[in-house]
Amino acid sequence: MQNNFRPSPNSFKNTFCVFQETSLDAINDLKVQYDSKSGSKYYYTKKGMYRLSNHWGRLANCKWRLESLEQETDSKFKLGFAAWESFYPDNDIDLLYYLEVNYGKKLVQYQHKNNPDFDKKAVLRTSSETRKRIKQVRNVLQLSSWAKYFDSDIDDLRKHIVEQLIYSEKTLDEIKKECK
């Protein structure tokens, strides 16, 4: 059975965190320590937090994302785990976020600069700037109508434009003009 470990109530205010989806078996011997008004359940351990929820992303004053297991399940409720050291500070003014892309899945995600995997090459941006760049990258990756005015291979063009959006301060229009 678990000892009752409870972090300070304000520990999670204004934080960014990426939870890893895990099997529901992980909480078999744990008691719910916090049950939110929105239906999320929280289980605290000395190593980190389990969160059982049907909603992830921007929550109140937090940005918590769930990295799903490869094998999809039908359940709307997902269990995620995050170690305590995976919670990073968040605010709207500091340059805290960078983008990473999975070209195979045509997926773009934002990460926090305190992430140990950050290579310090991608441009750091504020939350607002990051959201705008994510939208631009998604459009470049998922749409093709923008490419009809270019003679290059669309996959090569996509990669070039996305890399510029991640690693430079250039606007999307500036990048496209350079590609013509």
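Please read these numbers as outputs of a predicted model, since none were measured by experiment.

Trainee: Sorry, what's going on with the nonpolar core here?
Mentor: Considering soluble globular proteins, one finds that nonpolar side chains tend to be buried as a cluster. Within the largest apolar cluster, 26 residues are counted, with the highest numbers of intra-cluster contacts made by L99, V137, V140, W146, I161 and L165. For this core, the secondary-structure elements that each account for two or more residues are strand 1 (15–21), strand 9 (97–102), strand 10 (107–112), helix 1 (127–142), helix 2 (154–167) and helix 3 (172–179). By residue number, the principal contributor to this core is helix 2, which donates 5 residues. F12, Y44, C62 and F87 belong to the second largest nonpolar core, which has 12 residues in total.

Trainee: I'm lost on the layout of surface pockets in this one. Help?
Mentor: Once rolled over the atoms, a probe with the size of a water molecule shows which space is left empty. Here the largest pocket is characterised by a volume of approximately 520 Å³. For the largest pocket, the lining is made up of 22 residues, of which F12, Y34, Y42, C62 and W64 are closest to its centre. Elements represented by at least two residues in the lining of the largest pocket include exactly strand 3 (41–44) and strand 6 (62–67). When the residues that make up the lining of the largest pocket are grouped by side-chain class, the tally is 10 nonpolar, 8 polar and 4 charged. Taken as a whole, the second largest pocket encloses approximately 320 Å³ of empty space. Lining the second largest pocket are 14 residues; nearest its centre among them are E67, N102, K105, L107 and Q109. A class-by-class count of the residues in the lining of the second largest pocket yields 4 nonpolar, 4 polar and 6 charged.

Trainee: Help me understand the side chain of R51, please; the structure alone is not making it clear to me.
Mentor: Looking at where R51 falls in the secondary structure, it is placed in strand 4 (residues 48–53). One buried charged residue, R51, remains without a salt bridge, the closest side chain of opposite sign being D35 at 10 Å. There is a polar contact of 3.2 Å between the side chain of R51 and the side chain of S40. Among the polar contacts made by the side chain of R51, one reaches the main-chain carbonyl oxygen of H55 at a distance of 3.0 Å. In contact with R51, not counting residues within four places along its chain, are F19, S40, K41, Y42, W56, L59, W64, K78, L79 and G80.

Trainee: What is the right way to look at helix 2 in this model?
Mentor: An α-helical segment advances 3.6 residues per turn. Residues three or four places apart therefore align on the same side. Helix length check: helix 2, at 14 residues, gives a terminal C-alpha distance of 20 Å against a target of 20 Å (1.5 Å per residue), a fit within 8%. Along helix 2, the positions that sit buried rather than exposed are L157, R158, I161, V162, Q164, L165 and I166. Of the surrounding elements, those touching the buried residues of helix 2 are strand 9, helix 1 and helix 3. Capping of helix 2 at its N-terminal end is provided by D153; its side-chain oxygen lies 3.2 Å from the backbone amide nitrogen of D155.

What counts and how
Residues numbered from 1 in each chain as written. Predicted model: local features only at pLDDT ≥ 70, side-chain atom pairs only at ≥ 80, totals over all residues. Heavy atoms only, no water. Core = buried A, V, L, I, M, F, W, Y, C linked by side-chain atoms within 4.5 Å. Buried < 20%, exposed > 50% of the residue type's maximum accessible area, 1.4 Å probe, protein only. Helix = DSSP H or I, 4+ residues; strand = E, 2+ residues; numbered from the N terminus. 1 Å grid on protein atoms, 1.4 Å probe; cavity = no way out; pocket = protein on both sides within 12 Å on 5 of 7 lines; lining within 4 Å. Points joined across faces, edges and corners; volume = space filled by probe spheres on them. Nonpolar A, V, L, I, M, F, W, Y, C, P; charged D, E, K, R; others polar. Lys, Arg positive; Asp, Glu negative; His and termini not counted. Salt bridge = Lys/Arg side-chain N within 4 Å of Asp/Glu carboxyl O. Polar contact = N/O pair within 3.5 Å; in protein donor to acceptor, adjacent residues only side chain to side chain. Contact = heavy atoms within 4.5 Å. Expected span 1.5 Å × (residues − 1).

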